[in-house]
Amino acid sequence: MFLSALIPTAIPEVSPDATLVHRLLQKDVSAFEQLYDRHSRSVYSLVLRVQQQAGTAEEVAQAVFLQLWRNASQYDSSRGPFVPWLFTLARNRALDTLRLKSERQRRREDQTDELPAVASAPEYEKALDEKRRAERVRTLVSFLNPQQHKAIELAYFEGLSHSEIAAALKEPLGTVKSWIRNGLLRLKQGLQAST
Amino acid sequence: MKYCDQFREMFEAYALGALDADERAALEVHLATGCKDCAKAVEEARWLVSQLAYLAPEAAPSGMLKGRLMQTVRAEAQAAKRSSPSKAGIPFWMWAGVAALILVTIYSAWKAQRLQRDIHDVNQRAAAILKQRRELEAQLEIAKREATILTDPASVRISFSSQDPATPQLEAKWHSQLGIVLTGQKIPAPSGNRVLQLWLIPKAPGGKPIPSLTRRPDAHGKFVLLVSNPPELLAATKALAITEEPAGGSTQPTPPIRWVGGVT
């Protein structure tokens with residue numbers, strides 16, 4: 001009883017990633033290596049999906065991890081988990097590299113800048129580890145109809161806007177908007193239900 | 001959670017980057033007003049969108065990527081360590097350099113001060129030597145002039161006589177261009193600081209004695225007086241006279257006249 005009163009009951013949970021990123025601020029090479037080992041496959045997979053070429057994908061992945069090494073202070077662990085932040089960083093870099101200075105690229109730069117904006121994780125996010133969540137995401141998206149799945153992938157991996165996707169799929173703009181929004185809401189509901 | 005109705009269907013598409021320009025602009029204007037509910041919804045939508053990364057087929061980068069990255073990262077970490085200050089703030093070699101610089105500065109200042117003092121001493125010695133040389137040159141000039149006056153046949157010899165037969169004799173020579181030289185041996189020194197003064201007695205009737213230079217015999221009784229610019233011409237002078245006067249001389253001769261010599 002007495003001991004339990006002395007022990008804090010609500011110790012803030014610090015993720016291994018947040019600890020490693022904090023060590024990056026001291027230019028800890030070992031911390032960087034551990035972060036690379038933990039996330040290089042998923043980052044590379046994402047970048048390769050966007051770039052479609054292994055050579056350029058490695059260049060982009062290298063730029064992403066160097067940006068992490070050099071700008072670790074930009075990540076604020078109190079405002080969200082590390083992995084979504086890293087994915088957003090990788091996606092932005094991959095799409096920016098893929099395209100020339102087009103209207104679409106300017107739109108994205110205006111929206112996200114060099115470093116990703118904060119992505120707050122909802123409560124249900126903490127209940128799943130990364131591997132299980134990846135499997136769950138794939139499963140949930142596989143339940144969407146193929147056109148809906150395709151529209152979401154065109155938006156995420158190719159950075160197309162609603163109008164561009166509608167043109168690419170030859171579907172009405174309103175239909176495309178509904179597909180994407182409903183598909184993402186179903187994903188969200190499915191991840192909530194996983195807890 | 002209460003969302004602003006007109007934007008509630010845009011959050012996911014906005015996080016995805018799929019909104020067309022006009023919709024995106026409208027939402028961003030709204031977010032810029034500081035709507036906390038919508039900002040929170042956008043942050044959660046960003047997280048949801050980030051989960052789509054797991055849809056990418058799994059792939060692994062080559063081992064070379066890690067090698068290149070680690071090489072770069074290690075080099076930058078080393079450079080950061082080198083550029084960061086040591087515990088002391090400044091490395092030892094820099095302290096040593098600063099100390100050496102201070103010592104050199106102090107030594108240079110001391111050396112410069114000493115050099116300045118030496119230069120001042122040398123200048124003073126040079127000034128003294130120059131003064132001495134000028135004095136010697138002046139003496140030499142006087143000696144030359146005296147010698148010329150004494151030896152030149154054109155000079156007029158003037159013998160002095162005294163009322164007191166025991167008084168030593170004086171003699172003068174007057175050169176019309178070079179002046180008068182008056183000499184005497186074993187001349188007794190006047191009492192106190194009194195001096196002997198030369199007077200020129202004009203030929204003109206009623207002419208008053210014209211005062212000239214004063215001098216005291218030296219310790220051996222030697223008396224030499226050079227008058228380079230006599231106050232009267234040789235031809236206009238009847239006689240030379242010598243009186244004893246207070247130091248600095250007088251405007252009128254004080255009797256008795258000690259010596260007198262006629263100019264012929």
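Since this is a predicted model, take the numbers as computed values, not measurements. (Residues numbered from 1 in each chain as written. Chains lettered and ligands numbered in written order. Predicted model: local features only at pLDDT ≥ 70, side-chain atom pairs only at ≥ 80, totals over all residues. Heavy atoms only, no water.)

Undergrad: Describe the overall build of chain A, listing the residues and the values that go with them.
TA: Secondary structure assignment for chain A yields 10 helices and zero strands. Among the 195 residues that make up chain A, the fraction classed as buried is 49%. Long-range contacts, defined here as pairs at least 24 residues apart, represent 64% of the contacts in chain A between residues at least 6 apart. Taken as a whole, chain A presents about 9800 Å² of accessible surface, with 53% of it coming from carbon and sulfur. (Helix = DSSP H or I, 4+ residues; strand = E, 2+ residues; numbered from the N terminus. Buried < 20%, exposed > 50% of the residue type's maximum accessible area, 1.4 Å probe, protein only. Contact = heavy atoms within 4.5 Å. Areas by Shrake-Rupley, 256 points an atom, 1.4 Å probe, with all protein chains shown as cover.)

Undergrad: I'd like a description of the sheet that holds strand 5 (residues 210-215) of chain B, backed by residues and values.
TA: Residues and elements named next belong to chain B. Overall, antiparallel pairing links the four strands, which are arranged 5-4-7-8 in an open sheet. Whereas interior strands pair on both sides, the edge strands pair on one side only; in this sheet they are strand 5 and strand 8 (257-262). The sheet shows a mean angle of 20 degrees between the axes of neighbouring strands, taken without regard to direction. Where strand 7 (residues 237-245) meets strand 8, five bridges bridge the pair, whose relative direction is antiparallel. Bridge assignment links Ile242 to a residue of strand 8, and that residue is Trp259. (Pairing = 2+ DSSP bridges. Axes fitted to C-alpha atoms, helices over the stretch in contact; angles between N-to-C directions.)

Undergrad: I'd like a rundown of the interface of chain B and chain A, residues and numbers included.
TA: Across the boundary between the two partners, chain B contributes 45 residues, which contact 63 residues of chain A. Taken as a group, Trp47, Tyr54 and Leu55 of chain B account for 16% of the area that chain B buries against chain A, more than any other trio of residues on that side. Across the chain B-chain A interface, the total number found is seven salt bridges. Residue Glu76 of chain B pairs with Arg70 of chain A through a salt bridge whose shortest N-O separation is 2.4 Å. Run the count over chain B and chain A and you get 16 residue pairs in polar contact (both at pLDDT 80 or more). Elements with a minimum of two residues in the side of chain B that touches chain A: helix 1 (11-16), helix 2 (21-32), helix 3 (36-50) and helix 4 (63-83) of chain B. For the side of chain B that touches chain A, the leading source of residues is helix 4 of chain B, giving 11 residues. For the side of chain B that touches chain A, the per-class residue count stands at 24 nonpolar, five polar and 16 charged. (Buried area = accessible area lost by both parts, 1.4 Å probe. Salt bridge = Lys/Arg side-chain N within 4 Å of Asp/Glu carboxyl O. Polar contact = N/O pair within 3.5 Å; in protein donor to acceptor, adjacent residues only side chain to side chain. Nonpolar A, V, L, I, M, F, W, Y, C, P; charged D, E, K, R; others polar.)

Undergrad: Outline the environment of Thr167 of chain B, listing residues and values.
TA: Residues and elements named next belong to chain B. Within the secondary structure, Thr167 sits in the loop between strand 1 (156-159) and strand 2 (170-175). Take Thr167: its relative accessible area is 10%, and that puts it in the buried class. In sequence terms Thr167 and Lys186 are 19 residues apart; their C-alpha atoms lie 9.1 Å from each other. Beyond its immediate stretch of four places on either side in the chain, Thr167 contacts Ser162 and Trp259.

Undergrad: Can you explain a nonpolar patch on the surface? Please cite residues and give values.
TA: Residues and elements named next belong to chain B. A grouping of Phe92, Trp93, Met94, Trp95, Val98, Ile102 and Ile106 is seen on the molecular surface, where their side chains present a nonpolar patch of about 800 Å² in accessible area. Following the sequence through the fold, Val98 ends up in helix 5 (residues 92-151). Looking at Val98, the relative accessible area reads 38%, which means it is partly exposed. (Patch = residues over 30% accessible without salt bridge, like charges linked within 9 Å, V, L, I, M, F, W, Y side chains within 5 Å.)

Undergrad: Provide a residue-level description of helix 9 (residues 162-169) of chain A, including the pertinent values.
TA: For helix 9 of chain A, the full list of buried residues reads His162, Ile165, Ala166 and Leu169 of chain A. Viewed along the axis of helix 9 of chain A, the buried residues span an arc of 100 degrees, placing them on a single side of the element. Packing partners of the buried residues in helix 9 of chain A comprise helix 8 (146-158) and helix 10 (173-193) of chain A together with helix 1 and helix 2 of chain B. Two residues or fewer past helix 9 of chain A, Lys170 of chain A is found with a positive phi of approximately 55 degrees. (Arc of directions from axis to C-beta.)

Undergrad: Which residues make up the side chain of Glu58 of chain A, and what values go with them?
TA: Examined against the element boundaries, Glu58 of chain A turns out to sit in helix 4 (residues 54-70). Exposure remark for Glu58 of chain A: the relative accessible area of 10% places this residue in the buried category. A distance of 2.6 Å separates a polar side-chain atom of Glu58 of chain A from the backbone nitrogen of Ser62 of chain B. Sequence-distant contacts of Glu58 of chain A, defined by excluding residues within four places in its chain, comprise Tyr44 of chain A together with Pro61, Ser62, Leu65 and Arg68 of chain B.

Undergrad: So, the pattern of salt bridges: which residues are in play, and what are the values?
TA: In total, this model carries 15 salt bridges over all chains according to the counting rule given. For Glu58 of chain B, the salt bridge identified is with Arg138 of chain A, shortest N-O distance 3.4 Å. Of this pair, Glu58 of chain B sits in the loop between helix 3 and helix 4 while Arg138 of chain A sits in helix 7 (residues 130-142), each in a different chain. Here Glu12 of chain B and Arg181 of chain A are joined by a salt bridge, their closest N and O atoms 3.6 Å apart. Taken together, the residues Glu12 of chain B in helix 1 and Arg181 of chain A in helix 10 connect one chain to another. The network of salt bridges with shared partners includes Glu33 and Asp37 of chain A together with Lys66 of chain B.

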